[in-house]
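Breakdown of the fold
The lines below spell out each chain.
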Amino acid sequence: MSFVRKSYLPETSPPLLSVGVLGWLKANLFSSVGNTLLSLLGLYMLWVIVPPLIEWALLDAVWQGSGREACLVENAGACWAFVAAKFGQFMYGRYTFEERWRVDLVFLVGALTVGLLMIGRMPGRRYLAVFGLVIYPVLAYFMLTGGAFGLVEVETSLWGGLLLTFVVASVGIVVSLPLGVFLALGRRSKMPVMRTLSVIYIEAWRGVPLITVLFMASVMLPLFLPPGTNFDKLLRVLIGVTLFSSAYMAEVVRGGLQAIPRGQYEAASALGLGYWRTNLLIIMPQALRLVIPGIVNTFIGLFKDTTLVMIVGLFDFLGSVQVNFSDANWATPQTAASGYAFAALVFWIICFGMSRYSMRLESRLNEGTRRA
Amino acid sequence: MSDTPSENLMAIEMTGVNKWFGAFQVLKQIDLSVKRGERIVICGPSGSGKSTLIRCINRLEEHQQGRIIVNGIELNHDLKRIDEVRAEVGMVFQSFNLFPHLTILENCTLAPIWVRKLPRAQAHDVAMNYLERVQIADQAHKFPGQLSGGQQQRVAIARALCMSPEIMLFDEPTSSLDPEMIKEVLDVMIGLAGDGMTMLCVTHEMGFARTVADRVIFMDAGQIVEENAPEEFFNHPQHPRTREFLSQILSH
């Protein structure tokens, strides 16, 4: 039996039901009896939940008003007038009213820097990154605290709202990542002392709830310090949050390190690269790239955990919202629900933004670098 | 061993080298001297210790007894000197081990820039020169993942050459390649041998051994069993284990 092909077969188009809208519907919603039932159940639940939600949040909502009377009408939905009236407090807390432009400026410059960095390849990007990581924090510090360059001092006890949330979260994020990298390297070190210290540090912080850490930082710590030493409560909280999240970060980074094949270390060693250069140039760029989802997950967790600073008497964004529920001028049945809904929406937008950014970063970094 | 000038001619000297993985002895009393410019092929069944032997030369593996002197520098716990040795000893791995996050060109310029402290432009020229030589210069701005196995291995050779090493170690460089790609890699290695590079090569490519090697070393159970010029080695193997191995490997 012998066979010799005379010519290669031409390509043909795929069956109709496997491509396009029909193909998608069939594959994703109605691929089997069970899936069809689940799809229908899902549609029914959307039908039950979405219309009343729209009614409450948009159609019946009260958008304007200067007091509770506006929101006490019959069948009133969300009381957005409350949110509008208290917006300043939600954003700045009790930050001195005349000085709020400083916060706005810091936010604006920060948003611009991050935004421009997101655009990707552009000239001077390196300098912008240096500005963002080195100059901006110093600038932000002086702008927010004041007391120098002719700026009025604003005590940190007055800070609050979204400002405080951003300060705690961004300091925590920026400092805990490098700390976490060092801890992860320490935990994998060949030196027993380094390794043991890293393990103790990581396990100790991970084994304690953040609330305990915050209590320790704000209530217990002053008891151990010599009387008269008074260092800023916000600073103590910042240190607590940063050390706490660096332990989590260390474990995420360690996961990435473990995924790097031994051959990478060997190739780097064989070229004469030492420990630090191997890690800095070869291992970390790959390991961090692998664990971007984990890193961002930790960032998002940290961002939401900042709401816990309420427990030690700092009023972050959520805290500022809650404090205003007790304002007699705005006591209505819808006040709390509206405030929480607004807080949830703001948190969601920020966290979703972070998650989208991390996905973009991943796909950009992975361009052409997928392992064969 | 005497302090004669001949020691200067030696690229590598191993005397009485022993090594264990746990309780298992992988290298037993290895004595091996390699002259400058000498080309040596090491073969043997898997688990015979041949890879471990050449990995001891740049201390990817640590030997526990005996002495290893590379380029006049003894390998011991002095880490600084080991990095010095490693800069002079290039290595090519079975699994290429290119850095996947760097382009081909960056793979080649990284060590010259950071270890040799070459200016960027000069490192670039050196790298392009070697990439040209392994006929892959047109791929310089791609990433390793976009290249075939044979191309990746040629890049790995160029990357090692960019450090202008005195000695090149090859650890089964063609073992994970498709037959069609083996030749392109072997051609590069044969060219290199023609330039007088000191080479130690663990391989099962007996054709390569015949054309290029000055000496073929056969290892079994962690020791050197037979050592001879390629003609003699292939035509008149002495040790029964060598004969058995050659008949297995040359029978098809």
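Here the structure is a predicted model, which means the values were calculated and not measured.

The secondary structure content of chain A amounts to 15 helices and zero strands. Computed over C-alpha atoms, the radius of gyration of chain A comes to 27 Å, more than 25% over the 21 Å expected from 2.2 N^0.38 for 372 residues, which places it beyond the range of a compact globule. Per-residue burial over chain A gives 38% buried out of 372 residues. Nonlocal contacts in chain A, meaning residues at least 24 apart in sequence, comprise 69% of its contacts between residues at least 6 apart. In the structure as shown, chain A presents an accessible area of about 22000 Å², 69% of it carried by carbon and sulfur atoms. Where the 28 positive side-chain charges of chain A centre and where its 19 negative ones centre are 18 Å apart.

Taken domain by domain, chain A consists of domain 1 (90-154) and domain 2 (164-316). Computed over C-alpha atoms only, the centres of domain 1 of chain A and domain 2 of chain A are separated by 24 Å.

Of the voids in this model, the second largest pocket is the one considered here, and its volume is about 1300 Å³. Lining the second largest pocket are 32 residues, and of these K190, Y265, S269 and Y275 of chain A together with R86 of chain B lie nearest its centre. Every element with two or more residues in the lining of the second largest pocket is listed here: α7 (161-187), α11 (262-270) and α12 (275-290) of chain A together with α3 (79-88) of chain B. Class assignment for the residues of the lining of the second largest pocket results in 14 nonpolar, eight polar and ten charged.

Attention now goes to the side chain of D220 of chain B. All names here are of chain B. Mapping D220 onto the fold places it in strand β9 (residues 215-220). A polar contact is formed between the side chain of D220 and the side chain of R241, at a distance of 3.1 Å. Apart from the residues within four sequence positions on either side, D220 is in contact with P45, S48, V225 and R241.

Turning our attention to the interface of chain B and chain A. As a measure of interface size, the accessible area lost when the parts come together is often cited. With 25 residues of chain B in contact, the opposing surface of chain A contributes 24 residues. Across the interface of chain B and chain A, roughly 2100 Å² is buried in total on both sides, 64% from carbon and sulfur atoms. Viewed at the interface, chain A and chain B are joined by one salt bridge. R55 of chain B is the salt-bridge partner of E266 of chain A, the closest N and O atoms lying 2.6 Å from each other. At the boundary of chain B with chain A, the tally comes to six residue pairs in polar contact (both at pLDDT 80 or more). At the level of elements, α3, β6 (89-92), α4 (104-114) and α6 (149-161) of chain B are the ones that each hand at least two residues to the side of chain B that touches chain A. A class-by-class count of the residues in the side of chain B that touches chain A yields 14 nonpolar, six polar and five charged.

Right, let's talk about the sheet that holds strand β3 (residues 39-43) of chain B for a bit. All names here are of chain B. Within the open sheet, the six strands sit side by side as β6-β7-β8-β3-β9-β10. Their pairing is mixed. Of all the strands in the sheet, just β6 and β10 (223-228) have a single pairing partner and so form its edges. When strand polarity is set aside, the average angle formed by the axes of neighbouring strands in this sheet is 20 degrees. Sheet analysis places strand β7 (residues 167-171) next to strand β8 (residues 198-202), joined by five bridges and oriented parallel. Across the sheet, the residue bridging to F170 is C201, located in β8. Strands in contact with α3 are β6 and β7; relative to β6, the strand with the most contacts, it is inclined by about 65 degrees. Relative to β6, α6 is tilted by about 170 degrees, and along the sheet it contacts β6 and β7.

The subject of this paragraph is the pairing of strand β2 (residues 24-35) of chain B. Both strand β1 (residues 10-21) of chain B and β2 of chain B contribute to a ladder of eight bridges, which runs antiparallel. Bridge pairing in β2 of chain B links M10 of chain B to K35 of chain B.

Further remarks concern the nonpolar core. Nonpolar side chains tend toward joint burial in soluble globular proteins. Judged by nonpolar contacts, the single largest core of 63 residues is most densely connected at F90, Y95, L144, W159 and F317 of chain A. Two domains each provide a minimum of three residues to this core, namely domain 1 (90-154) and domain 2 (164-316) of chain A. Discounting residues that sit within four places of it in the chain, L144 of chain A has contacts with Y95, R102, V103, V106, V154, W159, L163 and V167 of chain A. One finds V34, V89, F93 and L200 of chain B within the second-largest nonpolar core, a separate group that totals 52 residues.

Moving on, we come to the state of the cysteines. All names here are of chain B. This model, assessed by the stated rule, comprises one disulfide over all chains. Here C108 stays free of any disulfide, with the sulfur of C162 as its closest cysteine sulfur at 4.5 Å. For C108, a relative accessible area of 1% translates into the label buried. Among the cysteines around C201, which has no disulfide bond, C43 carries the closest sulfur, lying 10 Å off.

Rules used in this analysis
Residues numbered from 1 in each chain as written. Chains lettered and ligands numbered in written order. Predicted model: local features only at pLDDT ≥ 70, side-chain atom pairs only at ≥ 80, totals over all residues. Heavy atoms only, no water. Helix = DSSP H or I, 4+ residues; strand = E, 2+ residues; numbered from the N terminus. Rg over C-alpha atoms; globule rule 2.2 N^0.38 Å. Buried < 20%, exposed > 50% of the residue type's maximum accessible area, 1.4 Å probe, protein only. Contact = heavy atoms within 4.5 Å. Areas by Shrake-Rupley, 256 points an atom, 1.4 Å probe, with all protein chains shown as cover. Lys, Arg positive; Asp, Glu negative; His and termini not counted. Charge placed at Lys NZ, Arg CZ, Asp CG, Glu CD. Domains from an automatic or database assignment. 1 Å grid on protein atoms, 1.4 Å probe; cavity = no way out; pocket = protein on both sides within 12 Å on 5 of 7 lines; lining within 4 Å. Points joined across faces, edges and corners; volume = space filled by probe spheres on them. Nonpolar A, V, L, I, M, F, W, Y, C, P; charged D, E, K, R; others polar. Polar contact = N/O pair within 3.5 Å; in protein donor to acceptor, adjacent residues only side chain to side chain. Buried area = accessible area lost by both parts, 1.4 Å probe. Salt bridge = Lys/Arg side-chain N within 4 Å of Asp/Glu carboxyl O. Pairing = 2+ DSSP bridges. Axes fitted to C-alpha atoms, helices over the stretch in contact; angles between N-to-C directions. Core = buried A, V, L, I, M, F, W, Y, C linked by side-chain atoms within 4.5 Å. Disulfide = S-S within 2.5 Å.

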